[in-house]
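What follows is each chain in one-letter form.
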Amino acid sequence: MLIGVLTKILGIIGGGQLGMMITEAAKKMPEHISQIIVLDPTENCPAAQIGAEQIVADFKDKDAIIDLANKSDILTYEIESGDSDVLKSVGKNVEINPSPETLKIIQDKFLQKSLLLENDIPVSKFIKIEKIIDIKECLKNFGFPALLKARRDAYDGRGNFKINSEDEIQKAFDYFRGQSLFLEKFVPFKMEVSVIASRNTKGQIKTYPLVENIHEENILRETIAPARVTEEVTKKAEQLAEKIMTVLKGAGTFGIEMFVTQDDNIIINEIAPRVHNSGHHTLQSSETSQFEQHLRAILGLELGSTKLIHPTIMYNILGSKSFEGAYKPIILSEPNVYLKMYGKQISKPLRKLGHFNLVAENGETVEQLLKKLEHLKEKVLTQPLH
Ligand code: AMP
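Since this is a predicted model, take the numbers as computed values, not measurements.

Let's talk about the domain arrangement of the chain
Here is step 1: Taken domain by domain, the chain holds domain 1 (8–96), domain 2 (125–185) and domain 3 (191–380).
Here is step 2: Centre-to-centre separation of domain 1 and domain 3, based on C-alpha positions: 22 Å.
Here is step 3: Taken together, the contact between domain 1 and domain 3 spans 23 residues of the former and 23 residues of the latter.
Here is step 4: Between domain 1 and domain 3 lies a buried interface of about 1,900 Å² when both sides are counted; carbon and sulfur atoms form 70% of it.
Here is step 5: Inspection of the region where domain 1 meets domain 3 yields two salt bridges.
Here is step 6: In this structure, the salt-bridge partner of K340 is E24, at a minimum N-O distance of 3.0 Å.
Here is step 7: The interface formed by domain 1 and domain 3 contains five residue pairs in polar contact (both at pLDDT 80 or more).

Written out as structure tokens, the structure reads:
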């Protein structure tokens, strides 16, 4: 690390697909970033395959994180499960964004929701659970169904258990075996949506237009940009996202997941302190990709335009449910379709292996894109992955 040079060495904790796409964006900014180093336990991880240097170690390996911090000028992450106390301790020598303090709040969903509630940001009713009797008591108030959730280390729905009736309470409690928990009232939403929002180190905030997310088995399958909602709903969601970024104070790009209720209100589901799967469409749809925006935010540069130029649908390519092992990457050569495979060596059930963006041309509408998507899905799903 040389004082006085303008370019910086970027360290990223995690070198999966998000780290890979941040690396791609960083390589297009040589006037700001001279080198990229990722920390990832999988040898030749996706980011390393496209030119990032790699420290092969577990995400929580303290010595490896210190090594990465010593080698970097700025440090960021693509996963939210890092040890925020370790990051805080290495943060004296390197600039870390989003800050370990922001990470600490977000990675505990109970603290995250409490902070939102304190700031009058709408969330579903929730309550801390310590004993099984607490669940029984709270359900009298919340009613069925309700979700028992793990406070930490939960993603892609793996930290949730939906309790539909009295006799599922014990099963739900046992499922989490000693983890810290909270219970949340079920939201009978009409749509799941999200806003990708960024805040730079100087406090400038920008949000991308609201998008619609379709999940299957708790995993994001499709993102439709823009969301098929009224202007009023879009405005409400984008204003809430901006308020959240002000409250959180973290620098970087964040994914803010929300529900649209039956009466067109917005309830915040959860926040990811990193670039987000529902922002992959920005690679082709928008003036600035979420990955470039993240770098602009943590480098303290003016944020780029978030204008959506073309309606776009992002479709995730997931590993087959019944297969684990080496696989053949998908081939898809169609006009206005941008395929990105992540270079993962092994397919696992429902693992995110790649995605494609289907971009509108000549004023095509989202409805027309959805029709085209059906044909593309068939092409992708009929290609044997192994
Ligand atoms: P999470 O991991 O908490 O984001 O939850 C994964 C998925 O579970 C969400 O995308 C929703 O489909 C569903 N979910 C989570 N919380 C609720 C809730 N309070 N009401 C209804 N569905 C929920």
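Observations regarding helix α7 (residues 132–142)
Here is step 1: Those residues of α7 that fall on the buried side of the exposure criterion are D134, I135, C138, L139 and F142. Buried residues of α7, seen end-on, are gathered within an arc of 130° and therefore sit on one face of the element.
Here is step 2: For α7, the elements touching its buried residues are β6 (126–129), β7 (146–150), β8 (160–163), α8 (169–175) and β9 (181–185).
Here is step 3: Following α7 by one or two positions, G143 adopts a phi angle in the positive range, close to 80°.

Some thoughts on the pattern of salt bridges
Here is step 1: Inspection of the entire model under this criterion finds 21 salt bridges.
Here is step 2: A salt bridge links E270 to K109, with the nearest nitrogen and oxygen atoms 3.2 Å apart. Remark: K109 occurs in helix α6 (residues 109–118) and E270 occurs in strand β15 (residues 266–272); sequence separation between them is 161 residues.
Here is step 3: Judged by its relative accessible area of 8%, K109 falls in the buried class.
Here is step 4: Between K190 and D264 there is a salt bridge, with the nearest N and O atoms lying 2.8 Å from each other. Of this pair, K190 sits in the loop between β9 and β10 (191–199) while D264 is found in the loop between β14 (252–260) and β15, placing the two residues 74 residues apart along the sequence.
Here is step 5: Note on K190: relative accessible area 44%, which makes it partly exposed.
Here is step 6: With relative accessibility at 23%, the residue D264 sits in the partly exposed group.

Rules of the game
Residues numbered from 1 in each chain as written. Predicted model: local features only at pLDDT ≥ 70, side-chain atom pairs only at ≥ 80, totals over all residues. Heavy atoms only, no water. Domains from an automatic or database assignment. Contact = heavy atoms within 4.5 Å. Buried area = accessible area lost by both parts, 1.4 Å probe. Salt bridge = Lys/Arg side-chain N within 4 Å of Asp/Glu carboxyl O. Polar contact = N/O pair within 3.5 Å; in protein donor to acceptor, adjacent residues only side chain to side chain. Buried < 20%, exposed > 50% of the residue type's maximum accessible area, 1.4 Å probe, protein only. Helix = DSSP H or I, 4+ residues; strand = E, 2+ residues; numbered from the N terminus. Arc of directions from axis to C-beta.

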